[in-house]
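In case you want the letters, here they are:
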Amino acid sequence: MAKILTLHGPNLNLLGEREPEHYGNLTLEEINKKLGILAMDAEHELETLQSNAENVLVERIHTALADGIDFMLINPAAFTHTSIALRDAISATKIPFIEIHLSNIYSREKFRQTSYFSDLALGVISGFGLLSYEMAMTAAIIHLNDSKVIE
Ligand code: DQA
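Now for a look at the structure at hand. (Residues numbered from 1 in each chain as written. Predicted model: local features only at pLDDT ≥ 70, side-chain atom pairs only at ≥ 80, totals over all residues. Heavy atoms only, no water.)

### A few points about the site of the ligand
Okay, so step 1: Around the ligand, the structure places Arg-18, Tyr-23, Asn-75, Ala-77, Ala-78, His-81, His-101, Leu-102, Ser-103, Ile-105 and Arg-112.
Okay, so step 2: One nitrogen or oxygen atom from the side chain of His-81 is found 2.7 Å from an oxygen atom belonging to the ligand.
Okay, so step 3: The residue inventory of the shell around the ligand, partitioned by class, reads five nonpolar, four polar and two charged. (Near = heavy atom within 4 Å. Polar contact = N/O pair within 3.5 Å; in protein donor to acceptor, adjacent residues only side chain to side chain. Nonpolar A, V, L, I, M, F, W, Y, C, P; charged D, E, K, R; others polar.)

Here it is, written out as structure tokens:
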């Protein structure tokens, strides 16, 4: 059994009512529930955390190693485009992770087309709404079960 940590960045607590044309109609709770089922079916443990505060996310990443987190799924939201602090925290732990976006950040405003995380990530999934998270969880499970599949 592996421990998977899913981190959601700022404003993702508003999913369901926030710009549904970009982010869909599901709430964060519904997304977390679906991820929990996928993780449980694969006999892995899932912890989720959403925060609007950079320091809360940075500090959770700091404690992830000691907590035995094996893999992270991260939607850094707006911090994707701004947060060297979050990038450095992830870089320090070296815990493998997948970067997720509900919307296709490359088809939107120019400022969204830069990510401080993509080059560190095992992979990036962007543009598929809930399916972005589900595909990332599936890839994480495959990686955890056989790390040769994704290197
Ligand atoms: C997002 C894309 C970001 O540019 C934006 O700031 C978000 C959500 C996404 O999931 O599509 O808050 O990460």
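Text resumes after the structure shown.
### Side note on the side chain of Ser-83
Okay, so step 1: Relative to the assigned elements, Ser-83 resides in the loop between strand S3 (71-75) and helix H4 (84-93).
Okay, so step 2: Here the side chain of Ser-83 touches Leu-86 through a polar contact of 2.9 Å, landing on its backbone nitrogen.
Okay, so step 3: Leaving out residues up to four positions away in the same chain, Ser-83 has contacts with Glu-54, Tyr-116 and Phe-117. (Helix = DSSP H or I, 4+ residues; strand = E, 2+ residues; numbered from the N terminus. Contact = heavy atoms within 4.5 Å.)

### A look at helix H3 (residues 54-64)
Okay, so step 1: The set of residues buried in H3 consists of Leu-57, Val-58, Arg-60, Ile-61 and Ala-64. Each buried residue of H3 lies within a common arc of 160° when the element is viewed along its axis, so the set occupies one face.
Okay, so step 2: Tucked inside the fold, the buried residues of H3 contact strand S1 (3-8), strand S2 (45-50), S3 and H4. (Buried < 20%, exposed > 50% of the residue type's maximum accessible area, 1.4 Å probe, protein only. Arc of directions from axis to C-beta.)

### Focus on the sheet that holds S1
Okay, so step 1: A sheet is described by the order of its strands in space; here five strands give the open sequence S2-S1-S3-S4-S5, paired in parallel fashion. The open sheet has two edge strands with one neighbour each: S2 and strand S5 (123-126). The average angle at which neighbouring strand axes cross in this sheet is 15°, direction not considered.
Okay, so step 2: As paired strands, S1 and S2 are joined by six bridges and run parallel to one another. Of the residues in S2, the one forming a bridge with Leu-5 is Glu-47. (Pairing = 2+ DSSP bridges. Axes fitted to C-alpha atoms, helices over the stretch in contact; angles between N-to-C directions.)

### Focus: the environment of Pro-76
Okay, so step 1: Assignment of secondary structure puts Pro-76 in the loop between S3 and H4.
Okay, so step 2: Residue Pro-76 is classed as buried on the basis of its relative accessible area of 2%.
Okay, so step 3: Sequence-wise, Pro-76 and Tyr-116 are 40 residues apart; in three dimensions their C-alpha atoms are separated by 9.6 Å.
Okay, so step 4: Those residues in contact with Pro-76, other than ones at most four positions away along the chain, are Gly-9, Pro-10, Glu-99, Ile-100, His-101 and Phe-117.

### What to know about the packing of helix H2 (residues 28-41) against helix H5 (residues 130-145)
Okay, so step 1: With their axes 10 Å apart at the nearest point, H2 and H5 run at an angle of 25° to one another. In terms of their interaxial angle, H2 and H5 are classed as roughly parallel. Along this stretch, H2 crosses H5, giving a crossing that reads as right-handed. Of H5, the residues touching H2 (which contributes Ile-31, Lys-34, Leu-35, Leu-38 and Ala-39) are Leu-130, Tyr-133, Glu-134, Met-137 and Ile-141.
Okay, so step 2: Residue classes in the contact of H2 with H5 are distributed as eight nonpolar, no polar and two charged. (Parallel < 35°, antiparallel > 145°, perpendicular 65-115°, else oblique. Left-handed = near helix turned anticlockwise from the far one by under 90°.)

### Some points on the side chain of Ser-126
Okay, so step 1: Within the secondary structure layout, Ser-126 lies in strand S5.
Okay, so step 2: A distance of 3.1 Å separates a polar side-chain atom of Ser-126 from the backbone nitrogen of Ile-105.
Okay, so step 3: Sequence-distant contacts of Ser-126, that is, excluding residues within four places in its chain, are made with His-101, Ser-103, Asn-104, Ile-105 and Ser-132.

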